[in-house]
Amino acid sequence: MSKAASANGLHHILAVSRLRAAARWQSLRVSSLRQQWNLPINHVRTLQTDAAEVNDVPFRKQLKDHAKRKRQVERIAVKDGTSSNGGQKEKDARLDKWKLTVGLEIHAQLNTERKLFSTAKSSGNDEPNTNVSVFDLAFPGSQPEFQKATLIPALRAALGLSCNVHRESRFDRKHYYYQDQPAGYQITQYYKPFAIDGRVTLYDHDGIAAEDGQSVDIAIKQVQMEQDTAKSTLQPPSMVFLDFNRVGHPLIEIITHPQIHHVQTASACVRKIQAILQAVNAVTTGMELGGLRADVNVSISLKGSEELGQRTEIKNLSSFKAVEDAIIAERDRQIAVLEAGGSIAGETRGWTLGSIETKKLRGKEGEVDYRYMPDPDIPPLFIGEDLVNHIGTSLPVLPDNTLADLTTNSGLTTKDAKTLISLEDGERLDYFDEVRSLWSSTRSSSLSPSPAFDKIVGNWVLHEMGGLLSAAATPFSPELVPPETMVDILSNLNEDRITGTTAKQLLAMVFDGDKRAIDTIIKDENLELQRLSRDEYIAMAQGLIDENGEKVKQIQQKRQMGKLMWFVGQMMRQGEGKVEAGKAQATLKELLGLD
Amino acid sequence: MAQSYWVKAARTRQLISFSPAIRSGVRPLSTAESPDALEEMFAKPYWSVKSLFKSDESSASTPAITQKQLHHLLRLSALPLPTSEAQEAKMIKDLQSQLKFVQAIQQVDTEGVEPLQSIRDETKEAEKENEITVKSLQGEFDKEKVVGKRGRIRRRNEVPAAARDKRMKDWDPLAQAPKKIGRFFVVDTAKD
């Protein structure tokens, strides 16, 4: 058997065993979900279709599988002598010749109480087929009733993306037959969407490609409202289980202009749009939980040419990494085809996590003719100007503005600020704000920004609390360490009544459930900083210097300053919380004759 | 040709007096016609649908419908493909002749006319009435509250799960399902 064939055989075996392992993991996860309904154990994968599907294999496992598969392929390639590391240089050379263009179509589930055209409630994890009205199941004679409450999150999304809102917009039917769409058509806004001409600005800290510089503006073509489809679960070999709870739930589709030219910028764009939608409360969940998915349009053209190449569409990408990987795979495939002299067919392709290449879903022969038609049962939508203004003025602060505020007025680093914004859907940030303003008011009555103090608060809320939370594996709650208590700890620390170590101790005690006031604890446990006199510092320092002649020589002669901090650490250990690091260091420097 | 029919009909309407009883009275717009004249007028049809099939230019301008096109249309409509050559030939023939009606309608000049989407009140008053304003959504805004110092919006009370609409309380969606397992509808895609 030739080397190539054996490699392929091995690859195939690995792929099959991976799928079986995934199936086993699936069944374990499902049975542990504590659901009451009769769910067959071995449901594996949902279909790659127009339907919005939830990828049920645990995400971490998928990434591990993907990495493992890549390593296997690498190992085989190295063995065969076709290692891609040598090919990396060729790849980069090809990229110099070709320009990538990407357009995004993002579908996000709106945060509404009811569905778009029926009064059925939107469901989280309810029992299947309970939140379904006659219109959702397309019973003959049933009529749509537009639920105007769904406009609120839709408008918030549109204004968060700086769009212009049309006063009048209409709903159209997009016809195609599929079992997850009872009516045979999806109600969408094809001819006249409710919002157009928006933009999203991406900065270098958002994770755009280096080639895009400090910032890049991506224009948004339109935002439209449309219906979601049912959840279908494949029961192999050919049975499909349908849960219509999700049918008719409002989605917004955000379509960008094809202005993205680098892979990381594309995933950064999806991430940014998700962050904006979450900030304005337009969506309930993010991409990881299936609340948001992206379709990407990829095309290749020669660098320097104005025209765009033929694009292909990759549907149903459900993670940021999938977006990146799929675009890279498709770009490489298209370059390979074009360089071999072929041409790109305008087709729809699919991507599964862990793949090496996109797979064709529908070609030109299977191309769907959607026969878009204005829906005669639904009157045009008229959005009042006062409504748009009201929503605009009451829009929550957007992530970029929050970031600017935190970095400028509160002295946090960009990384810390971004983390703070994203944790617990903004709850940690609210806690930070509470502590910061409370402390500021106890110090002075003026409202001027105080970056030095805010930075301390940020450090404690993010890192100290974060450490305690992850050690205890508890979710965050502002009740764990009430803001007033946190302020007490920090002000005591700031006034040098306690040392840093003691403060951390106090925090841990309160976190573990100690309900006493901070001052009480300090008094009872005798934690107050007892300042050592200068003589005591000198005595302690001198003792250490005498014991560790070697290290002293290294500091004095070889100028190894790190060893100085070792001495400081030793003094602090000996002092049992009574030694202040700064004073210790100063004393040591004095005794050792350093400046 | 079809247009001339309408013109003729309009003129004929002008000539006819509708009420024989007042035929002898003064009617400013109509001229008195005897019933026999009317009888004669209506004896021979002025126009027939068959005229659409006669003209040669229309058959030359329509390209023949190919089998590929027919199958594409049937697939789009989720209809079964023809089972025999004869059936397919008949389908194509029927479709081809139906297109002639479409062509006749396409003769009408619709320059500058907005297509009708549905029959509804399109006056400015109706527009104003149907406009969605802050007032019409006040109930929804009252269900929200602002949280924190950065304007974050949250619902006041989380929507209780599985609180079904009163209207649908007694209705089981699965009652009509031809095939179901547990609380799921079941579809066999192999039959496709």
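Residues numbered from 1 in each chain as written. Chains lettered and ligands numbered in written order. Predicted model: local features only at pLDDT ≥ 70, side-chain atom pairs only at ≥ 80, totals over all residues. Heavy atoms only, no water.

Trainee: Break down the sheet that holds strand β4 (residues 172-175) of chain A for me, with residues and values.
Mentor: All names here are of chain A. Taken in spatial order, the three strands of this open sheet run β5-β4-β15, and their pairing is antiparallel. Either end of the sheet is taken by a strand with one partner, and the two such strands are β5 (185-188) and β15 (373-374). Pairing of β4 with β5 involves four bridges; the strand directions are antiparallel. Bridge pairing in β5 places Asp172 opposite Thr188. (Pairing = 2+ DSSP bridges. Helix = DSSP H or I, 4+ residues; strand = E, 2+ residues; numbered from the N terminus.)

Trainee: Explain the pairing of strand β10 (residues 250-256) of chain A to me, and be specific about the residues and the numbers.
Mentor: Residue and element names in this part refer to chain A. Of all seven residues that make up β10, seven are buried, and the element is covered over most of its length. In β10, alternate side chains face the same way, and those of Pro250, Ile252, Ile254 and Thr256 on one face and Leu251, Glu253 and Ile255 on the other are all buried. Direction of pairing for strand β1 (residues 98-109) relative to β10: antiparallel, over a ladder of five bridges. When the sheet's bridge partners are listed, His107 is paired in β10 with Glu253. In this sheet, β10 lies alongside strand β7 (residues 215-227) in antiparallel orientation, the contact comprising seven bridges. Paired with Glu226 across the two strands is Leu251, which belongs to β10. (Buried < 20%, exposed > 50% of the residue type's maximum accessible area, 1.4 Å probe, protein only.)

Trainee: Just give me the short version of the environment of Pro63 of chain B, but keep the residues and values in it.
Mentor: Relative to the elements of secondary structure, Pro63 of chain B occurs in the loop between α4 (56-61) and α5 (67-76). In this structure the C-alpha to C-alpha distance between Pro63 of chain B and Gln96 of chain B, which are 33 residues apart in sequence, comes to 9.2 Å.

Trainee: Mind laying out a positive patch on the surface, listing which residues take part and the relevant values?
Mentor: On the surface, Arg60, Lys64, Lys68, Arg71 and Arg75 of chain A cluster together to form a positively charged patch. Along the chain, the position of Lys64 of chain A falls in helix α2 (residues 59-80). (Patch = residues over 30% accessible without salt bridge, like charges linked within 9 Å, V, L, I, M, F, W, Y side chains within 5 Å. Areas by Shrake-Rupley, 256 points an atom, 1.4 Å probe, with all protein chains shown as cover. Salt bridge = Lys/Arg side-chain N within 4 Å of Asp/Glu carboxyl O. Lys, Arg positive; Asp, Glu negative; His and termini not counted. Charge placed at Lys NZ, Arg CZ, Asp CG, Glu CD.)

Trainee: Residue-level account of the packing of aromatic side chains, with values.
Mentor: By the definition in use, this model includes 13 aromatic pairs over all chains. For the pair Phe139 of chain A and Trp171 of chain B, a centre-to-centre distance of 5.7 Å together with 90° between the ring planes defines the contact as edge-to-face. Here the residue Phe139 of chain A occupies a position in the loop between β1 and α4 (151-160), and Trp171 of chain B occupies one in the loop between β2 (152-155) and β3 (180-181), the pair thus bridging two chains. Phe139 of chain A sits in the partly exposed class, given a relative accessible area of 27%. Both rings, one in Phe244 of chain A and one in Phe185 of chain B, keep their centres 5.0 Å apart while their planes meet at 75°; by these two values the pair is edge-to-face. With Phe244 of chain A in the loop between β9 (239-243) and β10 and Phe185 of chain B in strand β4 (residues 184-188), this pair bridges two chains. (Phe/Tyr/Trp six-rings, centres within 6.5 Å; stacked < 30°, edge-to-face > 60°.)

Trainee: Explain the packing of helix α9 (residues 414-422) of chain A against helix α11 (residues 451-472) of chain A to me, using residue names and the numbers behind them.
Mentor: All names here are of chain A. It is the contact of α9 with α11, at a shortest axis distance of 11 Å, that shows an interaxial angle of 70°. Between α9 and α11, the interaxial angle falls into the category roughly perpendicular. The chirality of how α9 crosses α11 is left-handed. Judged by residue contacts, Asp416, Thr419 and Leu420 of α9 engage Val461, Leu462 and His463 from α11. Split into classes, the residues belonging to the contact of α9 with α11 amount to three nonpolar, two polar and one charged. (Axes fitted to C-alpha atoms, helices over the stretch in contact; angles between N-to-C directions. Parallel < 35°, antiparallel > 145°, perpendicular 65-115°, else oblique. Left-handed = near helix turned anticlockwise from the far one by under 90°. Contact = heavy atoms within 4.5 Å. Nonpolar A, V, L, I, M, F, W, Y, C, P; charged D, E, K, R; others polar.)

Purely geometric stuff here, so don't read any function into it on its own.
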